Amino acid sequence: MSTFSNLTTTTTIAPYIPTSRPVQFSILLTIAIFSVPCSIFVLHHFLSTKTLYRAANNHVIILLLISNCLQTLTDVPGQLSYYILGVNRPLTLSYCYYFYFIDFYLFTTCFLLLTWSSFERHILIFHTYVFNTHRKRVAYHYTPLMICVTYPMIYYVYFIFFYPCENYYDEYTSYCVPACYLRTNAVMALYEQIAHGFALMLLIFIFNVLLFIRVVQQKTRMGRQMTWKKNRKMAVQLFSMCFLFLLTNGGYFVVQIGQMLYDPTFGVDFSLWAIPVAMCMPPLFPFVCLSTLDELHGKVRKAISCCNRFAVVPIIGTELQHLPTTTSRRRDF
């Protein structure tokens, strides 16, 4: 899970119910198996199509695909190991450092990219002139994307590997205890929950609601159907990605808010499933992207029709006919 799940792992979140682990393992493993080839397929489609990888609205999708694919290949196997074995493997402090960085960095990067994408869609749809020069594209498009990727990397490299505190592995529970900077510094723990959690969730929700209202208003007063179709496609892409984020992580954030503002034991039983559901977001992301690409739908239909065209049909009751071997007949053949 993301950064915030580790804030309460040793206090408010109860141990996993043993009977639930096989179910969680089976669901996550099934999704992950199909997710990797789907990610490769969608990424290849984006990067091999000139019009797609040059479109500004697709750059954040490409970064999200790469980030979620890396998480499916690195973070998800660790979760699967815990669900089936009940302990973290290998039982070393080095693994805890690896787990902290991969889990925290990739989740936070995805959240930041989704937040920026939710805001940038307003510019791409309603204020396209902002990106009409190279300098403006660098300043208002590429630079924010770079910040979304590099800021969490610098932040977590420092606080996980160089912050003056000591991380340790709990041999009794066979689990990596929360990162030491979260245990020893209440200000940093609060900053993590708000700046990397609640604030991003709220901004994503607000930006998407406002975009939905503006897109509907545009449809009612616009007669240019080609422009409307393009804008609708960009909006649907964003709504699909953010809906997946809110669906998989919304329950967990509700538990965190309840524990912070109401009762430290709020939603303890529900959190047994909230964290596994949140882990389903990275492997599910490429399927959401696949469902929003009309160009891929055409390619898939074309591939299926080609397979059907070359399908082997058995010949029943056909007799060979002896044809005259004239010069004209051979030429026809």
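Fair warning: this is a prediction, and the values are worked out from it, not measured in the lab.

Draft legend 1. Quick peek at the overall build of the chain. When its secondary structure is counted, the chain shows twelve helices and two strands. In the chain, the order of α-helices and β-strands from amino to carboxyl end is α-α-α-α-α-β-β-α-α-α-α-α-α-α. Sequence-distant contacts in the chain: of pairs separated by 6 or more residues, those separated by 24 or more amount to 78%. Accessible area for the chain stands at about 18,100 Å²; split by element, carbon and sulfur atoms hold 68% of it.

Draft legend 2. A look at the UniProt feature "transmembrane region" (unreviewed entry) in the chain. Taken from the UniProt record, the annotation "transmembrane region" (unreviewed entry) applies to residues 25-47, 59-85, 97-119, 140-163, 194-213, 234-258 and 270-293. From the first C-alpha to the last, residues 59-85 spans 38 Å; its make-up is 100% helix and 0% strand. End C-alpha atoms of residues 270-293 are separated by 35 Å, and the span's content is 83% helix alongside 0% strand.

Draft legend 3. View of the packing of helix α1 (residues 21-48) against helix α3 (residues 56-85). Put simply, α1 and α3 touch, their axes get as near as 9 Å, and they point 155° apart. Classified by the interaxial angle, the pair formed by α1 and α3 is roughly antiparallel. Like other packed secondary-structure pairs, α1 and α3 cross with a definite hand, here left-handed. Counted by class, the contact of α1 with α3 contains 20 nonpolar, six polar and one charged residues.

Conventions and cut-offs
Residues numbered from 1 in each chain as written. Predicted model: local features only at pLDDT ≥ 70, side-chain atom pairs only at ≥ 80, totals over all residues. Heavy atoms only, no water. Helix = DSSP H or I, 4+ residues; strand = E, 2+ residues; numbered from the N terminus. Contact = heavy atoms within 4.5 Å. Areas by Shrake-Rupley, 256 points an atom, 1.4 Å probe, with all protein chains shown as cover. UniProt positions renumbered as here; feature names shortened; annotations may be inferred. Axes fitted to C-alpha atoms, helices over the stretch in contact; angles between N-to-C directions. Parallel < 35°, antiparallel > 145°, perpendicular 65-115°, else oblique. Left-handed = near helix turned anticlockwise from the far one by under 90°. Nonpolar A, V, L, I, M, F, W, Y, C, P; charged D, E, K, R; others polar.

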